[in-house]
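# Architecture at a glance
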Amino acid sequence: MVAPGEIFSILLVEDNLEDLVLFKKSLEQDRRFPSRVDSAETIAEAIEKIKRNSYHLVLAEGKLQEQNGLDLLHEMQEAHVDLPFVLMTSIRDDRLVREAMNQGVADLIIKSESQFQFLAAKLRESYQKFYQKRSRADPEENPEKAEDAKSSFDDVEELPERPSLNGEYAAPAIRDELTGVFNHGYIHDRIVREFSRASRYSYPLSCLMVDIDHFKTINEQKGYRSGDMLLREFARLIFESCRLSDLVGRYGGSEFLVLLPHISYEGAQELAKRVRTTFAEHVFLSGTEDIKITISIGISSFPEDAMSRRADLINYSRRALLHAKATGRNRSILFRDMAPVVEAKMPKLEISEKKVSGFQRRITEVADSARRECLKVSTDLIHTLESKDRFTAGHGTNCAAYARQVADVMGLSIEEVEVIQNAALLHDIGKICIPDAILLKPAKLTFNEYEIMKQHAYYGYKILTPIKSLREEALIILHHHEWFNGTGYPCHLSGEEIPLGARIIGVIDAYDTMRMSGGRYRKTISVEDAVIELVNMSGAQFDPNVVKYFIAALKMRRDLSTDCYDKELLERNIKEAAHKKMPA
């Protein structure tokens, strides 16, 4: 046991000289958890050293030349050497994991560069868990060992067992009944402890929020039984892609969360890439349905993302996930790359939060009952708003109709079309929070009045975002006044950083304002003149591709019969936009 003031003694069994040096250096130079490291390159050498010396823990490579690292554990057991044994492996090997657990290893570590930096703390935790498990298994057998382990490392918090998909290590109270991974409640319980540990010991903690693209459509087309089977298979694949120390849970519906202790953004990106590749190559329900899917992933990481509370780790990854879904799905988005971070860059609200909260409460009251009812309440609010002003009457309805047609022409899925249509209908809902003196002013707005008016996009986002079924719409509404060149508001996003739905609504909103609801400040203009204006501003205010599809929709409606606009200019702007997004 580790006596007070005694240096933690480790035998490192590793035949790769480069890794041996890195591990040894990281362990001996960690001032928080000072260690003395002895090394061996073969099992025979390790056994000889164990017989001659005293160690607190053995750390061994999973593959040693032609031998398996577990062979060393067998030799130790035959020699009645009772030491915590931690196995290392370069990749996730499920066969090795199962065998290691059956043989009684104290822990298993997936080797990565980030592990070098935080290995000392991890080994102390493994040491503590070893003796506490031993005490629970046989309280009469040396109970002082467990107590000594706890007192020696009382600042290392013990973690609950990670659940297996068959429930072998997890109690039913913390598992999702369908998939076998951690449930929503346990996720939030663990995030508190993991975040506290990361803050205390200054190590990174990352979070992946993973969602199946178009899962609603799969349920509708294949049936809910097939959907449940797919979710179980999906959970198994995520579980198998992660380290034993990672937390995998079902957040809700088709959303899964992966919590990554000791992993920074770089490692989280590597996992996200590996997971997306795995799912792209996998055939679900093989032999019956043969379903291929794609996934979207949102990633956040502490301390690289500034966080004021523990829940931000999940909130940020979910916002990044929504952004990934809004910008086309089948991609991974880092919260730090959502330029700039929405909340941090938002202007200070000029109007009382009480108005926003009031409308939140009114809508949230029916949000849990049904999406349709929630949309009805929101639509009623829009109609109430539009009834105040003859120049905006029917604007939301018009935009929704245009949005559906444009999304159809672009070939988007039924699910995406519905989200964009709803967002177009509700895009001005935040104007409910704008004073009538500004909203209905017959003259041009002053600078300060315009700054207040600009906040309606953010108000709309704040009103709708608490409603789970309208969160995608809320994100689109937040960004529908962004400009393609990055000079819009509220976040100055540019190009494909702007959600596709927001880019579509930006074009439609401007068109309908010029055609029908712009009379307060100037005369309405013809379809042809409005299209010319859209083309002229393509590449600057508007996505030129969206303008092209909108013109096609107008022609299908027979609202536009001639090519009155500069086709060469539009095509040139489309090519320039495509060139800008090409990797250097």
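Residues numbered from 1 in each chain as written. Predicted model: local features only at pLDDT ≥ 70, side-chain atom pairs only at ≥ 80, totals over all residues. Heavy atoms only, no water.

### Points about the overall build of the protein chain
In plain terms, the rule: Secondary structure counts use DSSP, requiring at least four H or I residues in a row for a helix and at least two E residues in a row for a strand, with both numbered from the N terminus. Note on exposure labels: buried denotes an accessible area under 20% of the residue type's maximum, exposed denotes more than 50%, and partly exposed covers the range between, all computed with a 1.4 Å probe on protein chains only. Two residues qualify as a contact provided that any one of their heavy atoms is within 4.5 Å of a heavy atom in the partner residue. Using the Shrake-Rupley algorithm and a 1.4 Å probe, accessible areas are obtained, with residue cover drawn only from the displayed protein chains.
If you tally the helices and strands in the protein chain, you get 24 helices and twelve strands. Expressed as a percentage of the 584 residues in the protein chain, the buried residues total 54%. Within the protein chain, residue pairs in contact and separated by at least 24 positions form 68% of the contacts whose partners lie at least 6 positions apart. Accessible area for the protein chain stands at about 26900 Å²; split by element, carbon and sulfur atoms hold 49% of it.

### Re the pairing of strand 8 (residues 205-212)
Working note: regular strand, side chains alternate between the two faces of the sheet. So the rule is basically this: At least two bridges found by DSSP between two strands are what make those strands a pair.
Here strand 8 lies mainly inside the structure; eight of its eight residues are buried. The side-chain alternation of strand 8 yields two buried faces, one formed by Leu205, Cys207, Met209 and Asp211 and the other by Ser206, Leu208, Val210 and Ile212. Examined bridge by bridge, strand 8 and strand 10 (residues 255-261) share seven bridges and lie antiparallel to one another. Bridge assignment links Cys207 to a residue of strand 10, and that residue is Leu259. Pairing of strand 8 with strand 11 (residues 295-302), which is carried by eight bridges, proceeds in the antiparallel orientation. If you follow Leu208 over to strand 11, its bridge partner there is Ile299.

### A few points about the sheet that holds strand 7 (residues 107-110)
Which entries qualify depends on this criterion: To get an axis, a line is fitted to the C-alpha atoms, and for a helix only the part in contact is used. The angle between two axes follows their N-to-C directions and goes from 0 to 180 degrees.
A sheet is described by the order of its strands in space; here five strands give the open sequence 2-1-3-6-7, paired in parallel fashion. Lying at the two open borders of the sheet, with one neighbouring strand each, are strand 2 (35-40) and strand 7. Looking at each pair of strands side by side, their axes are set apart by 20° on average, direction ignored. The sheet contact formed by strand 3 (residues 57-61) and strand 6 (residues 85-89) spans four bridges and is parallel. Residue pairing across strands places Leu59 opposite Val86, the latter belonging to strand 6. Of the strands in this sheet, strand 1 (8-13), strand 2 and strand 3 are in contact with helix 2 (residues 43-52), which crosses strand 2 at around 135°.

### What about the packing of aromatic side chains?
The line we're drawing: Geometry of aromatic contacts follows a simple scheme: Phe, Tyr and Trp rings, the Trp one being its six-membered ring, pair when their centres are within 6.5 Å, and the pair is stacked under 30 degrees between planes, edge-to-face over 60, tilted otherwise.
On inspection of all chains with the given rule, the structure shows eleven aromatic pairs. Each ring, one from Phe234 and one from Phe256, has its centre 5.1 Å from the other, and the planes form 45°; the classification is tilted. In this pair, Phe234 is assigned in helix 9 (residues 224-241) and Phe256 in strand 10, connecting sequence segments 22 residues apart. Each of the two residues, Phe234 as well as Phe256, counts as buried. By the ring-pair criterion, three or more aromatic residues cluster together here, those being Phe234, Phe256, Phe279 and Phe284.

### Observations concerning helix 19 (residues 456-464)
When you tally the buried positions in helix 19, you get nine out of nine residues, the bulk of the element. Turning to helix 19, its buried residues are His456, Ala457, Tyr458, Tyr459, Gly460, Tyr461, Lys462, Ile463 and Leu464.

### What to know about helix 2
The condition that has to hold: Comment: arc refers to directions from the helix axis out to C-beta atoms.
Among all positions in helix 2, only Ile43, Ala46, Ile47, Lys49 and Ile50 are buried. Down the axis of helix 2, the buried set is contained in an arc of 165°. They therefore lie on one face. Opposite the buried face of helix 2, at more than 90 degrees from it, the exposed residues are Ala44, Lys51 and Arg52. Looking at the buried side of helix 2, the elements it contacts are strand 1, strand 2, strand 3, strand 4 (63-64), strand 5 (67-68) and helix 3 (69-78).

### Brief notes about the packing of helix 11 (residues 312-326) against helix 20 (residues 471-478)
Let me state the cut-off plainly: Throughout this description, any angle smaller than 35 degrees is read as roughly parallel, any larger than 145 degrees as roughly antiparallel, any in the 65 to 115 degree range as roughly perpendicular, and the remainder as oblique. For this scheme, ten residues count as nonpolar: Ala, Val, Leu, Ile, Met, Phe, Trp, Tyr, Cys and Pro. Four count as charged, namely Asp, Glu, Lys and Arg, and the remainder, Gly too, count as polar.
The contact between helix 11 and helix 20 brings their axes to 10 Å, and the two run at 80°. Taken together, the axes of helix 11 and helix 20 lie roughly perpendicular to each other. Along the contact surface, helix 11 presents Arg318, Leu322, His323, Lys325 and Ala326, while helix 20 presents Arg471, Glu472 and Leu475. Here the contact of helix 11 with helix 20 is built from residues that sort into three nonpolar, one polar and four charged.

### Examining the environment of Leu57
Within the secondary structure, Leu57 sits in strand 3. Judged by its relative accessible area of 0%, Leu57 falls in the buried class. When the C-alpha atoms of Leu57 and Leu83 are compared, they prove to be 5.8 Å apart, with 26 residues separating the residues in sequence. In contact with Leu57, not counting residues within four places along its chain, are Phe8, Ser9, Ile10, Leu11, Pro84, Val86, Leu123 and Tyr127.

### So, the sheet that holds strand 8
A sheet is described by the order of its strands in space; here five strands give the open sequence 9-10-8-11-12, paired in mixed fashion. On the outer flanks of this sheet lie strand 9 (247-252) and strand 12 (332-334), each paired with one strand and no other. Along the sheet, successive strands turn relative to each other by an average axial angle of 20°, direction set aside. The strands touched by helix 11 within the sheet are strand 8, strand 9, strand 10, strand 11 and strand 12, with strand 11 carrying the most contacts at an inclination of about 145°.

### Things to note about the pattern of salt bridges
Basically, it comes down to this: Salt bridge criterion: a side-chain nitrogen from Lys or Arg within 4 Å of a carboxyl oxygen from Asp or Glu.
According to the stated counting rule, one finds 25 salt bridges in the structure shown. In this structure, the salt-bridge partner of Arg190 is Glu194, at a minimum N-O distance of 3.0 Å. One end of the pair is Arg190 and the other is Glu194, both in helix 7 (residues 184-201) and four residues apart, which spans about a single turn. Neither residue differs from the other here; Arg190 and Glu194 are each classed as buried. The salt bridge partner of Lys325 is Asp211, with a shortest N-O separation of 2.9 Å. Taken together, the residues span a long stretch of sequence, with Lys325 in helix 11 and Asp211 in strand 8 at a distance of 114 residues. Each member of the pair Lys325 and Asp211 is classed as buried.

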